[in-house]
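Here's the letter readout for the chains.
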Amino acid sequence: MCGIVAYIGKREAYPILVKGLQRLEYRGYDSAGVAMINAKGTLNVYKKKGKVAELVDFAKDKDISGNIGIGHTRWATHGEPNDVNSHPHYSETKDMVLIHNGIIENYAAIKAGLIKRGHKFLSQTDTEVLAHLIEDIQLHENIKMGHAVQAALRQVIGAYAIVVIDKNDPDTLVAAKKGSPMVIGIGKDDFFVASDASPIIEYTKNVVYLEDEQVAILRRDKDIKIRNLKDKEITPYVQELTLELESIEKGGYDHFMLKEIYEQPRSVKDSMRGRLIASEGYIKMGGIEDHERKFEKAKRIIFIACGTSWHAGLVGEYLFEELARVPVEVEYASEFRYRNPVIYPEDIVIAISQSGETADTLAAVEMAKSKGATVLGVCNVVGSSIARATDGGSYTHAGPEIGVASTKAFTAQVTVLTLMALHMAKVRGTLKESRYRQLLYEMEAIPEKIEEVLKLNDQLREIAYKYKDSRNALYLGRGVSFPVALEGALKLKEISYIHAEGYPAAEMKHGPIALIDEEMPVFVIATKGANYEKVVSNIQEVKARKGKITAVVTQGDTEVKGMADDVIEIPETDELLVPLIAVIPLQLLSYHIAVMRGCNVDQPRNLAKSVTVE
Ligand code: G6P
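In this report, we go over the structure that sits alongside the text.

**Thoughts on the pattern of salt bridges**
Where charged atoms from two side chains of opposite charge come close, those side chains can pair.
Here comes step 1: In the structure shown here, the tally under the stated rule is 39 salt bridges.
Here comes step 2: A salt bridge links Arg388 to Glu211; the nearest nitrogen and oxygen atoms lie 3.0 Å apart. Here Glu211 lies in the loop between strand S11 (206–209) and strand S12 (214–219) and Arg388 lies in helix H12 (residues 385–389), a separation of 177 residues in the sequence.
Here comes step 3: The exposure class of Glu211 is partly exposed, given its relative accessible area of 38%.
Here comes step 4: The salt bridge involving Arg337 is made with Asp360; its shortest N-O contact spans 2.6 Å. Here the residue Arg337 occupies a position in the loop between helix H10 (333–336) and strand S20 (347–353), and Asp360 occupies one in helix H11 (residues 359–370), the gap between them amounting to 23 residues. Neither residue differs from the other here; Arg337 and Asp360 are each classed as buried.
Here comes step 5: Residues joined in a network through salt bridges with shared partners are Lys259, Glu263, Arg266, Asp270, Arg273 and Lys408.

**Section: the environment of Ala278**
Here comes step 1: Of note, Ala278 is situated in the loop between strand S16 (276–277) and strand S17 (282–283).
Here comes step 2: Along the primary structure Ala278 and Phe121 are separated by 157 residues, whereas in three dimensions their C-alpha atoms are 64 Å apart.
Here comes step 3: Apart from residues lying up to four places away in sequence, Ala278 is in contact with Arg437, Leu440, Tyr441 and Glu444.

**A word on the environment of Pro88**
Here comes step 1: Inspection of the secondary structure puts Pro88 in the loop between strand S4 (68–74) and strand S5 (89–90).
Here comes step 2: The exposure class of Pro88 is buried, given its relative accessible area of 0%.
Here comes step 3: Between the C-alpha atom of Pro88 and that of Ala425, which follows or precedes it by 337 residues, the distance is 52 Å.

**Quick word on empty space enclosed by the protein**
Here comes step 1: Counted according to the given criterion, the structure contains one cavity of 30 Å³ or more.
Here comes step 2: Its volume calculated, the largest cavity comes out at about 70 Å³.
Here comes step 3: What lines the largest cavity is a set of 13 residues, and nearest its centre among them are Arg74, Thr77, His87, Asp126 and Thr127.
Here comes step 4: For the lining of the largest cavity, the secondary structure elements donating two or more residues are strand S6 (96–104) and helix H4 (126–141).
Here comes step 5: Here the lining of the largest cavity gets three residues from one element, more than from any other, and that element is S6.
Here comes step 6: Residues belonging to the lining of the largest cavity are distributed by class as follows: three nonpolar, eight polar and two charged.

**Here's the deal with unusual backbone geometry**
Here comes step 1: For the peptide bond that leads from His87 to Pro88, omega is 0°, which places it in the cis range.
Here comes step 2: Its identity as a non-glycine residue notwithstanding, Lys94 has a phi of 70°, on the positive side.

**Some points on the packing of helix H16 (residues 482–496) against helix H18 (residues 578–596)**
Here comes step 1: For the pair H16 and H18, the least separation of the axes is 9 Å and the interaxial angle reads 20°. The angle between H16 and H18 falls in the class roughly parallel. For H16 against H18, the interelement crossing comes out right-handed. Packed against H16, whose contacting residues are Val484, Glu487, Gly488, Lys491, Leu492, Ile495 and Ser496, the element H18 presents Pro579, Ala582, Val583, Leu586, Ser590, Tyr591, Ile593 and Ala594 at the interface.
Here comes step 2: Tallied by class, residues from the contact of H16 with H18 come to ten nonpolar, three polar and two charged.

**Topic: the packing of helix H13 (residues 408–428) against helix H14 (residues 433–454)**
Here comes step 1: Running from N to C, H13 and H14 point in directions that differ by 165°, and their axes come no closer than 11 Å. With respect to each other, H13 and H14 are oriented roughly antiparallel. Considering the relative orientation of H13 and H14, their crossing is left-handed. Contact with H13, carried on its side by Thr415, Thr418, Leu419, Leu422 and Lys426, involves Glu433, Tyr436, Leu439, Leu440 and Met443 of H14 and no other residues of that element.
Here comes step 2: Residues of the contact of H13 with H14, tallied by class, amount to six nonpolar, two polar and two charged.

**Considerations on the site of the ligand**
Here comes step 1: Taken together, 13 residues surround the ligand, and among them Ser309, Ser353, Gln354, Ser355 and Thr358 come closest.
Here comes step 2: Here Ser353 contributes a side-chain N or O atom positioned 2.6 Å from an oxygen atom of the ligand.
Here comes step 3: Side-chain polar atom of Ser355 to an oxygen atom of the ligand: 2.6 Å apart, as the coordinates give it.
Here comes step 4: Bound to the protein, the ligand loses 91% of the 390 Å² it would expose on its own.
Here comes step 5: When residues of the shell around the ligand are assigned to their parent elements, the largest contribution, three residues, is made by helix H9 (residues 307–324).
Here comes step 6: Partitioned by chemical class, the residues of the shell around the ligand number four nonpolar, eight polar and one charged.

**A closer look at the layout of surface pockets**
Over the atoms a probe the size of a water molecule is rolled, and this reveals where empty space is left.
Here comes step 1: Approximately 840 Å³ is the volume found for the largest pocket.
Here comes step 2: If you trace the largest pocket, you find 38 residues lining it, with Leu243, Asn380, Val381, Val382 and Pro400 closest to the centre.
Here comes step 3: Contributing elements (two or more residues each) for the lining of the largest pocket: S11 and strand S15 (239–240).

**Quick word on the pairing of S12**
Here comes step 1: Of all the six residues making up S12, five are buried; the element is thus mostly covered by neighbouring parts of the structure.
Here comes step 2: By the bridge criterion, six bridges tie strand S8 (residues 172–178) to S12 in an arrangement that is antiparallel. In the sheet register, Ala176 faces S12, and the bridge partner there is Val215.
Here comes step 3: Bridge count for S12 against strand S13 (residues 225–228) is four bridges, and the pairing is antiparallel. Its bridge partner being in S13, Gln214 is matched across the sheet by Asn228.
Here comes step 4: Hairpin connection, S12 to S13: the antiparallel pair is bridged by five residues, and Asp221 has positive phi, about 65°.

**Comments concerning the sheet that holds S13**
Here comes step 1: With respect to topology, seven strands assemble into an open sheet ordered S5-S6-S7-S8-S12-S13-S14, the strand pairing being antiparallel. What marks the edges here is a single partner per strand, and that holds for S5 and strand S14 (233–234).
Here comes step 2: Across four bridges, the pairing between strand S7 (residues 158–166) and S8 is antiparallel. Looking across to S8, one finds that Ile162 is bridged to Ala176.
Here comes step 3: Packing against the sheet, H4 makes contact with S5, S6 and S7, and its axis sits at approximately 130° to S6.
Here comes step 4: The sheet contacts of helix H5 (residues 145–154) involve S6, S7, S8, S12 and S13, and relative to S7 the element is tilted by about 155°.

**Observations regarding the sheet that holds strand S9 (residues 183–186)**
Here comes step 1: Across the sheet, which stays open at both edges, the eight strands sit in the order S3-S2-S4-S1-S10-S9-S11-S15 with antiparallel pairing between neighbours. With partners counted over all chains shown, the strands left at the sheet margins are strand S3 (43–49) and S15, one partner each.
Here comes step 2: In this structure, strand S2 (residues 31–37) lies alongside S4, joined through six bridges in antiparallel fashion. Paired with Ser31 across the bridge in S4 is Arg74.
Here comes step 3: Those strands touched by helix H1 (residues 13–24) are strand S1 (3–8), S2, S4 and strand S10 (191–194), and its axis lies near 160° from that of S1.
Here comes step 4: Packed onto the sheet, helix H2 (residues 52–59) meets S2 and S3 and runs at close to 135° relative to S3.

Conventions used here
- Residues numbered from 1 in each chain as written.
- Predicted model: local features only at pLDDT ≥ 70, side-chain atom pairs only at ≥ 80, totals over all residues.
- Heavy atoms only, no water.
- Salt bridge = Lys/Arg side-chain N within 4 Å of Asp/Glu carboxyl O.
- Helix = DSSP H or I, 4+ residues; strand = E, 2+ residues; numbered from the N terminus.
- Buried < 20%, exposed > 50% of the residue type's maximum accessible area, 1.4 Å probe, protein only.
- Contact = heavy atoms within 4.5 Å.
- 1 Å grid on protein atoms, 1.4 Å probe; cavity = no way out; pocket = protein on both sides within 12 Å on 5 of 7 lines; lining within 4 Å.
- Points joined across faces, edges and corners; volume = space filled by probe spheres on them.
- Nonpolar A, V, L, I, M, F, W, Y, C, P; charged D, E, K, R; others polar.
- Axes fitted to C-alpha atoms, helices over the stretch in contact; angles between N-to-C directions.
- Parallel < 35°, antiparallel > 145°, perpendicular 65-115°, else oblique.
- Left-handed = near helix turned anticlockwise from the far one by under 90°.
- Near = heavy atom within 4 Å.
- Polar contact = N/O pair within 3.5 Å; in protein donor to acceptor, adjacent residues only side chain to side chain.
- Areas by Shrake-Rupley, 256 points an atom, 1.4 Å probe, with all protein chains shown as cover.
- Pairing = 2+ DSSP bridges.

See the structure below:
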C-alpha cells in the first residue's frame with residue numbers, strides 16, 4: 001500500500017529519499033512527503049498531494065539538507081488524499097514526525113484519550129494519532145524514543161510499518177513493524193529503511209528483514225539495535241540481497257508493464273530453471289520436497305489468493321484435478337479468512353501471492369495453519385511475509401514486477417503450479433509416464449512459444465485501435481481458458497478503465513448475451529482442444545447478435561477465421577498449457593488500449609501493487 005523510506009548516516013538524505021520513493025511509487029501514489037533534520041537541528045517537512053514528481057517540484061527551492069530523513073508515498077485509507085492527510089505527520093509539539101504504512105484499528109479510542117489531554121489534530125488520519133501518542137508517552141515518562149515507540153505500539157491494534165525521527169534527538173531513527181513489510185539496509189556507516197529492497201540495493205546488499213512487533217533503533221555511528229515490544233533484545237539476522245539494480249529499471253521500454261510483458265520468455269524459463277529436465281523426466285522442487293508424503297496422501301488442495309493470483313489458482317484447479325486427481329478449491333483469501341472453513345489435517349493449502357504481502361492472503365495463511373493444514377506458498381518476492389509464514393513452497397523467480405497490473409507474475413505462478421501439479425501426479429501415480437514426459441517437453445517449449453506470440457504486437461496494436469473507445473468488453477473462455485478470460489478482463493479494466501467481464505463461454509447465454517450488440521467487443525479464447533466446437537458455437541451466438549469478435553486461435557485455424565472480425569493465431573501447445581500462451585495477447589491488447597486512451601499504465605488510479613491492508 002503505502003511506501004516508506006528513511007535514511008540516517010553521512011550522506012544527504014533527500015536524494016536517497018526521493019529516488020527511493022520513486023521506486024516505491026507502485027505501492028501508492030495519492031500523495032508523497034519527506035522530512036529532514038538539517039545541520040542546525042531544524043526539522044523541515046514537505047508534503048504534497050499527487051505523485052513524487054509534484055513533491056520534488058514543490059521542494060525545489062526549499063531547504064532539503066540534512067543527513068537524516070524519512071519519506072512516504074501514500075495510498076489513502078483514512079482521510080482523502082490531500083496535502084494535510086499526507087505523511088509525514090507531526091506530533092503535538094511538532095518536534096517529532098512519523099511515517100506509517102498500515103491501519104491503526106483502535107485509533108479513534110486513542111485519539112479521544114489524547115484530545116482529553118489537550119492534543120489538537122490537524123488531519124483525519126490514524127497515523128497522526130500514533131505520532132502524538134509516541135511523543136506523549138516519551139514526554140510524560142521521560143524515556144528515549146525507542147522505548148516510547150515500544151510503549152505506544154503496545155497500545156495499538158492493527159498493522160503498521162513506521163519510522164519516527166525527533167529533532168531533539170537528530171542522531172536516532174526508530175523503525176517498527178507489524179503486518180506490513182520493512183527492510184533495513186546496513187551500509188558502511190549508515191542505515192536505510194524501506195518497504196522493500198528496491199530503494200536500498202544501490203547502496204548496500206546487507207539487509208535485515210524486521211519481524212512483527214520488533215523495533216529497530218538506528219543510531220548514527222552505532223550498531224543496529226532491535227528489541228521486541230516486551231523489551232527483549234533481538235540479535236539482528238543480516239542477509240545478503242540477491243536483487244540486481246537493472247531488474248527494477250525500465251530498460252528502454254515506455255512502461256514497466258510493457259517491459260514485464262516482454263520479459264515473459266525469460267521469466268517463465270527462470271521459473272522452471274533447475275526444476276525441470278524433460279529429457280530425464282525430472283522435476284525437482286526443493287521447497288516442497290519435505291512435503292512429498294503429504295502430496296501423496298492429500299485429500300484436497302485449497303488455493304487462497306487475491307486478484308490476478310486468484311486467477312492463477314483457478315488455472316491450478318484444472319491442472320491439479322486433471323493431472324494429480326485431487327479435489328481442489330480456489331478461494332478468495334478475503335472471504336476464506338472470515339468464514340469458518342472446514343479444513344482437515346490432510347489438506348494442503350497453497351497461498352499464491354506475487355508480493356507475498358497481501359494482508360488478506362497472509363491472514364488466511366495464519367488461519368489455515370492454526371487449523372492444522374500444511375500451508376505452502378507460491379510467492380514472487382523472496383523473503384516476503386507469506387513466504388516466511390508458510391511451511392514450504394516455491395518461489396516463482398519472475399524478478400521484481402513494478403507495473404501495478406500483474407503480467408509476468410501470473411505466467412510465473414501458472415508455470416510453478418503446473419510443475420507442482422505434474423510433480424504431485426508423479427508422486428501419486430495418477431499420470432501415465434508417456435503423458436508425463438510429453439507435458440514436460442511441452443513445458444520446456446513454452447518460453448519460445450511466448451516469444452512467437454510477442455511478435456504479434458503490431459497486429460495487436462491495430463486491434464486495440466478498433467476498440468479503444470469501447471465502454472464495455474466481454475471475455476469468453478472454457479475449461480482452463482476460462483481463468484484466462486477473467487484475467488484478460490481484469491487487465492483491461494485495471495489499466496484502461498473500460499468495464500470488462502470474463503465469463504465461461506457457455507454461461508454467456510444466461511446473462512451477458514443480453515448485452516451484445518454491434519458496439520460490444522467480445523474476446524474469445526478458441527484454441528484447439530476438447531471444447532473447441534462448443535466455443536465455436538458460442539462465437540456463432542455472438543455473431544448472430546452482431547457482436548465484434550476477436551478470437552485467440554491455434555495457428556492454422558480456418559473455421560473461426562471465417563466468423564471472427566480478427567483472429568490472433570498462437571502456437572499450438574497441450575490444451576492444459578494454453579493459459580501460459582493465450583494470456584499474452586490479452587495483456588498486450590489491454591496495454592495498447594490503455595496507452596491509446598492516455599491512461600497511466602504503470603500506476604492506474606486507485607490501485608496499489610501490494611495491498612497490505614484489508
Ligand atoms: C493487487 C494488485 C494485483 C494483485 C493483487 C494480489 O490488487 O494490484 O495485481 O494481483 O493485489 O496481490 P499478490 O501480491 O498477493 O499477488
